[in-house]
Amino acid sequence: MSETTETIFSKIIRREIPVDIVYEDDLALAFKDIHPQAPVHILVIPKKPIPTLADAESQDHAVLGHLLLTVKRVAKEAGLENGYRVVINTGDDGGQTVYHLHLHILGGRQLSWPPG
């Protein structure tokens, strides 16, 4: 997968596709999932197009850490005081459908384990 591959998230970053944005800064964008799997389902994406977690490299460590801190901030702002789940699907077998790294924040109800 090439870093220049166009995805729906590239279009969202460029504001070509409207979404309900809940947070944005220079490195990340967070928005509500259009097909929520829980009462709260928010995606956090890097603005840098990293196709999968497996494609991340050592120079991406700052953005990867920033994504996790963004998850923490967004989850707090979404009122998820009782907890939440963070999911990163990686590759076909991991269930990834959009090849632009993204973190799912799922919450607002008791989540079961194992997830599937």
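Now for a quick tour of the structure. (Residues numbered from 1 in each chain as written. Predicted model: local features only at pLDDT ≥ 70, side-chain atom pairs only at ≥ 80, totals over all residues. Heavy atoms only, no water.)

## Concerning the sheet that holds strand β1 (residues 21–24)
Note: strands within a sheet are paired through backbone hydrogen bonds, in either parallel or antiparallel orientation.
Phase 1: Judged by pairing direction, the sheet is antiparallel, and its five strands sit side by side in the order β1-β2-β3-β5-β4 without closing on themselves. Two strands in the sheet have a free side with no partner beyond their single neighbour: β1 and β4 (84–87). In this sheet, neighbouring strand axes are inclined to one another by 20 degrees on average, regardless of whether the strands run parallel or antiparallel.
Phase 2: Set on the sheet, helix α2 (residues 61–77) makes contact with β1, β2 (28–32), β3 (40–46), β4 and β5 (103–107); between it and β3 the angle comes to about 155 degrees. (Pairing = 2+ DSSP bridges. Helix = DSSP H or I, 4+ residues; strand = E, 2+ residues; numbered from the N terminus. Axes fitted to C-alpha atoms, helices over the stretch in contact; angles between N-to-C directions. Contact = heavy atoms within 4.5 Å.)

## Description of the pairing of β5
Consecutive side chains along a regular strand alternate between the two faces of the sheet.
Phase 1: Within β5, five of the five residues are buried, which leaves the element mostly enclosed by the surrounding structure.
Phase 2: Because side chains alternate across β5, one face comprises the buried residues L103, I105 and G107, and the other comprises H104 and L106, equally buried.
Phase 3: Pairing analysis gives five bridges linking β3 to β5, with the strands arranged antiparallel. Residue L43 lies in a different strand from β5, and its bridge partner there is H104.
Phase 4: As defined by bridge partners, β4 adjoins β5 across four bridges and the pair is classed as antiparallel. Within β5, the position partnered with V87 by the bridge is H104. (Buried < 20%, exposed > 50% of the residue type's maximum accessible area, 1.4 Å probe, protein only.)

## Section: the packing of aromatic side chains
Phase 1: Scanning the model with the defined rule gives one aromatic pair in all.
Phase 2: Pairing F9 with F31 gives two aromatic rings, centres 5.7 Å apart and planes at 70 degrees, and the pair type is edge-to-face. Within this pair, whereas F9 is found in helix α1 (residues 8–13), its partner F31 is found in strand β2, the two being separated by 22 residues in sequence.
Phase 3: We classify F9 as buried; its relative accessible area is 5%.
Phase 4: Accessibility expressed as a relative area gives 3% for F31, which makes it buried. (Phe/Tyr/Trp six-rings, centres within 6.5 Å; stacked < 30°, edge-to-face > 60°.)

## Some words on the side chain of T70
Phase 1: Here T70 lies in helix α2.
Phase 2: Assessed through its relative accessible area of 3%, T70 is described here as buried.
Phase 3: With residues up to four places along the chain from it excluded, the contact list for T70 reads Y23, D25, A28 and V44.

## Brief notes about the pattern of salt bridges
Phase 1: Applying the stated criterion across every chain, the model contains seven salt bridges.
Phase 2: We note a salt bridge from E24 to K47, for which the minimum N-O separation is 2.7 Å. One end of the pair, E24, is in strand β1; the other, K47, is in the loop between β3 and α2, with 23 residues separating them in the sequence.
Phase 3: When its relative accessible area of 35% is taken as the criterion, E24 is described as partly exposed.
Phase 4: Here the salt bridges share partners, and the residues they tie into one network are E6, R14 and E16. (Salt bridge = Lys/Arg side-chain N within 4 Å of Asp/Glu carboxyl O.)

## Brief notes about unusual backbone geometry
Phase 1: Backbone torsion omega between W113 and P114 reads 0 degrees, so that peptide bond is classified as cis.
Phase 2: The topology assignment puts P114 in the segment after β5.
Phase 3: Look at R15: it is not a glycine, yet its phi comes out positive at around 65 degrees.
Phase 4: Turning to its location among the elements, R15 is positioned in the loop between α1 and β1.

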